[in-house]
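Topology and contacts: notes
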Amino acid sequence: GSCFWVAVLDGNVVGIVAARGNEEDNTVELRRMSVDSNYRGKGIAKALGRKVLEFAMLNNYSSVVLGTTAVKMAAHKLYESLGFKHVGVVEHYALPGMTHSLLERMFFQLRYHRYRLQLREE
């Protein structure tokens, strides 16, 4: 129910993405998508995102979900261009491993955006 893809260009790893299936609600979570900053704007992230959508459809998942703390609008536009709908924001999100120390609370008051792409009705 899970996969990991690597984008390679001219022998160099330029991007990654993971997908984790959740049998309980029949969704796939798009996770850890990243493209080397030197290769952004070339369609690599879109190709990786489409790979996750293809995986979800081939394995009969009903939807794909993702969450992001990205502050750059380009990331949000990418998800929307793939068909994802913005479904909510969690204010003051804590990254995994954070201790909630005073210093972390001062510098890491993150907004966590949630997106969903419905592939089919259950």
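Scroll up to find the structure this text is about.
A short tour of the structure in this document, coming up.

Analysis parameters
Residues numbered from 1 in each chain as written. Predicted model: local features only at pLDDT ≥ 70, side-chain atom pairs only at ≥ 80, totals over all residues. Heavy atoms only, no water. Phe/Tyr/Trp six-rings, centres within 6.5 Å; stacked < 30°, edge-to-face > 60°. Helix = DSSP H or I, 4+ residues; strand = E, 2+ residues; numbered from the N terminus. Buried < 20%, exposed > 50% of the residue type's maximum accessible area, 1.4 Å probe, protein only. Contact = heavy atoms within 4.5 Å.

Under the counting rule described, the total for this entry stands at four aromatic pairs. Seen in terms of ring centroids, Tyr79 and Tyr115 are 5.5 Å apart; in terms of plane orientation they differ by 55°. Their pairing is tilted. Linking Tyr79 in helix H2 (residues 73-81) with Tyr115 in strand E6 (residues 110-118), this pair joins segments that are 36 residues apart in sequence. Residue classification places Tyr79 among the buried residues on the basis of a relative accessible area of 8%.

This brings us to the side chain of Glu29. Inspection of the secondary structure assignment puts Glu29 in strand E3 (residues 27-35). With sequence-adjacent residues up to four places away left out, Glu29 is seen in contact with Ala18, Ala19, Arg20 and Val65.

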